[in-house]
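Coordinate analysis (summary)
Single-letter residue listing:
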Amino acid sequence: MNEPRPNRNADRGKREGSPLPEERPPRPQGLVETVRRISVIDSHTGGEPTRVITEGGPDLGTGSLAVRRQRFADAFDRFRTAVVNEPRGSEALVGALLVPAVDSTCVTGVIFFNNVGYLGMCGHGIIGVVVTLAHQGTLDPGTHAIETPVGIVTAVLHSDGRVSVTNVPSYRLEKSRTFDVPAVGPVTGDIAWGGNWFFLTDDHRQTLSLTRLDELTEVAWRIRQAVNTQGFPQVDHIELFGVATEANAKSFVLCPGKVYDRSPCGTGTSAKLACLAADAKLAPGDVWTQESITGSTFTATYQREGEQIVPTITGRAFVCGESVLVLDERDPLCWGLSLE
Ligand code: PYC
């Protein structure tokens with residue numbers, strides 16, 4: 001963890017009318033030493049929040065981003081919970097720690113984290129990072145490579161503010177696998193990689209509606225447990241599909257921490273494209289529009305790369321906050337509410 005920044009109030013006692021330093025009551029012992037500050041910029045992409053750490057994050061040293069993500073988890077996990085969990089964050093928040101990239105063609109590296117751990121890639125998060133860097137004036141419209149723990153992605157910041165992310169190669173691992181889901185019944189769907197692992201199904205007998213979030217969360221969580229215990233422990237995102245009026249499909253995505261994605265989920269849309277491509281239901285270059293449970297949309301296309309596909313997801317993010325998080329060691333919740 002970085003050292004606390006210098007006390008910006010150090011000169012206060014010298015102002016006219018305020019007590020001279022020697023007249024002040026003594027400072028409570030240890031006050032400066034116990035307080036750390038972390039600067040963040042918040043954005044949302046189709047409703048799904050991203051919090052980019054701009055100052056005060058842990059120094060993860062060197063090595064690949066996968067190695068540094070592991071170091072983050074092993075040595076600085078309380079930083080994750082302090083930034084994204086309550087009382088400073090919310091269950092939906094995805095944090096983004098910017099780190100130097102190994103590959104010199106990349107503008108930055110980024111490690112994404114959430115209420116329960118760390119992500120491989122994050123589509124809505126990359127769009128949030130790009131818009132945040134543009135907001136800070138450090139990124140212009142154009143094409144920018146960004147390194148993640150699962151590979152390099154390319155983001156195009158368009159002059160109208162949209163961002164197109166060309167993701168890591170994606171593929172379907174298994175087609176039409178049936179799982180016996182307690183209290184739900186048999187559910188059939190596909191297992192696919194889109195930068196994170198997904199189980200995708202339209203065989204859930206649920207109406208996808210914002211008024212049914214509790215029921216959808218419960219069903220998707222039961223499906224996840226069945227998928228995990230019946231052969232696929234790596235799957236940590238569940239994607240339920242339904243009919244959309246304007247888009248090609250509506251989706252409800254349950255993220256690893258039992259929280260639904262407010263956006264259409266960039267890595268989930270990539271996984272969906274991998275399945276559509278494998279079934280020859282979408283041709284390379286054709287546009288797929290995926291709607292989230294909140295009604296926001298991503299558009300997506302793909303190109304073939306051998307047996308895999310390379311998806312490109314387009315969406316928008318908006319900056320909605322700039323703040324300094326204060327971590328006071330005397331606060332029992334200094335490192336965030338523990339979910340364990
Ligand atoms: O957009 O890829 C995504 C994502 C993953 C988890 C939340 N959003």
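Since the structure is predicted, the reported quantities are computational estimates derived from the model, not experimental observations.

Moving on: the overall build of the protein chain. On a plain count of helices and strands, the protein chain comes out with six helices and 16 strands. Taken over the C-alpha trace, the protein chain has a radius of gyration of 22 Å; the compact-globule value for 340 residues is 20 Å, and the two agree within 12%. The C-alpha extent of the protein chain, read off along each of the three principal axes, is 75 × 45 × 40 Å. Burial status across the protein chain gives 44% buried among its 340 residues. When contacts within the protein chain are restricted to residue pairs at least 6 apart in sequence, those whose partners lie at least 24 apart make up 66%.

Bridge analysis of strand E4 (residues 106-113) against strand E5 (residues 142-148) gives three bridges, and the strand direction is parallel. Residue pairing for E5: cysteine 106 is matched across the bridge by alanine 145. Each parallel crossover has a hand, and for E4 linked through helix H4 (residues 123-136) to E5 it is right-handed. Bridge count between E5 and strand E6 (residues 151-157): seven bridges; the pairing is antiparallel. In the sheet register, isoleucine 146 faces E6, and the bridge partner there is valine 153. If you look at the hairpin formed by E5 and E6, you'll find two residues sitting between the two strands.

Glancing now at the site of the ligand. Around the ligand sit 13 residues in total, of which Gly123, His124, Cys265, Gly266 and Thr267 are the nearest. For the shell around the ligand, the secondary structure elements donating two or more residues are H4 and helix H6 (266-278). Per-class residue counts for the shell around the ligand are five nonpolar, six polar and two charged. Each of domain 1 (32-162 + 319-328) and domain 2 (171-315) gives at least three residues to the shell around the ligand.

So, about the environment of alanine 134. Its location among the elements puts alanine 134 in helix H4. Sequence-wise, alanine 134 and leucine 157 are 23 residues apart; in three dimensions their C-alpha atoms are separated by 8.6 Å. Beyond its immediate sequence surroundings of up to four residues, alanine 134 is in contact with Leu139 and Leu157.

Here we come to the nonpolar core. Considering soluble globular proteins, one finds that nonpolar side chains tend to be buried as a cluster. Within the largest apolar cluster, 78 residues are counted, with the highest numbers of intra-cluster contacts made by Ile126, Val130, Ile223 and Leu273. Residues lining this core come from more than one domain, with at least three contributed by each of domain 1 (32-162 + 319-328) and domain 2 (171-315).

Where H4 contacts H6, the two axes come as close as 5 Å, and the packing angle between them is 130°. One element, H4, and the other, H6, form an angle in the oblique class. Within the contact between the two elements, H4 uses Gly123, His124 and Ile126 and H6 uses Gly266, Thr267, Thr269 and Ser270. Grouping the amino acids of the contact of H4 with H6 by side-chain chemistry returns one nonpolar, six polar and no charged.

Listing the buried residues of helix H2 (residues 65-75) in full gives Leu65, Arg68, Arg69 and Phe72. Along H2, the residues classed as buried sweep out an arc of 105° about the axis, all on the same side. Those residues of H2 that are buried lie in contact with strand E3 (94-99), E4 and E5.

Next up on the list: the domain arrangement of the protein chain. Partitioning the protein chain into domains gives domain 1 (32-162 + 319-328) and domain 2 (171-315). Counting residues at the interface gives 20 residues for domain 1 and 22 residues for domain 2. Of all the elements, H4 adds the most residues to the side of domain 1 that touches domain 2, at four residues.

Here the residue pair glutamate 86 and proline 87 is connected by a cis peptide bond, since its omega of 10° sits within 30 degrees of zero. Phi angles above zero are rare outside glycine, and alanine 183 is one such case at about 70°. By the secondary structure assignment, alanine 183 is in the loop between strand E8 (171-181) and strand E9 (185-193). On the neighbour-count criterion, alanine 183 (7 C-beta atoms within 10 Å) is exposed. Residues other than glycine seldom take positive phi values, yet cysteine 265 does so here, at roughly 70°. Take cysteine 265: it is sitting in the loop between strand E12 (249-254) and H6. Its 32 C-beta neighbours within 10 Å are what place cysteine 265 among the buried residues.

Moving on to the pairing of strand E11 (residues 237-242). With respect to burial, E11 is a largely interior element, five of its six residues being buried. In terms of handedness, the path from strand E10 (residues 197-201) via helix H5 (residues 213-229) over to E11 forms a crossover that is right-handed. Pairing between E11 and E12: five bridges, direction antiparallel. Paired with leucine 240 across the strands is phenylalanine 252, a residue of E12. Between the antiparallel neighbours E11 and E12 lie six residues.

Analysis parameters
- Residues numbered from 1 in each chain as written.
- Predicted model: local features only at pLDDT ≥ 70, side-chain atom pairs only at ≥ 80, totals over all residues.
- Helix = DSSP H or I, 4+ residues; strand = E, 2+ residues; numbered from the N terminus.
- Rg over C-alpha atoms; globule rule 2.2 N^0.38 Å.
- Buried ≥ 20, exposed ≤ 12 C-beta atoms within 10 Å, placed from the backbone.
- Contact = placed C-beta atoms within 7 Å.
- Pairing = 2+ DSSP bridges.
- Right-handed = clockwise from strand over helix to strand, strands pointing away.
- Near = placed C-beta within 6 Å.
- Nonpolar A, V, L, I, M, F, W, Y, C, P; charged D, E, K, R; others polar.
- Domains from an automatic or database assignment.
- Core = buried A, V, L, I, M, F, W, Y, C linked by C-beta atoms within 7 Å.
- Axes fitted to C-alpha atoms, helices over the stretch in contact; angles between N-to-C directions.
- Parallel < 35°, antiparallel > 145°, perpendicular 65-115°, else oblique.
- Arc of directions from axis to C-beta.

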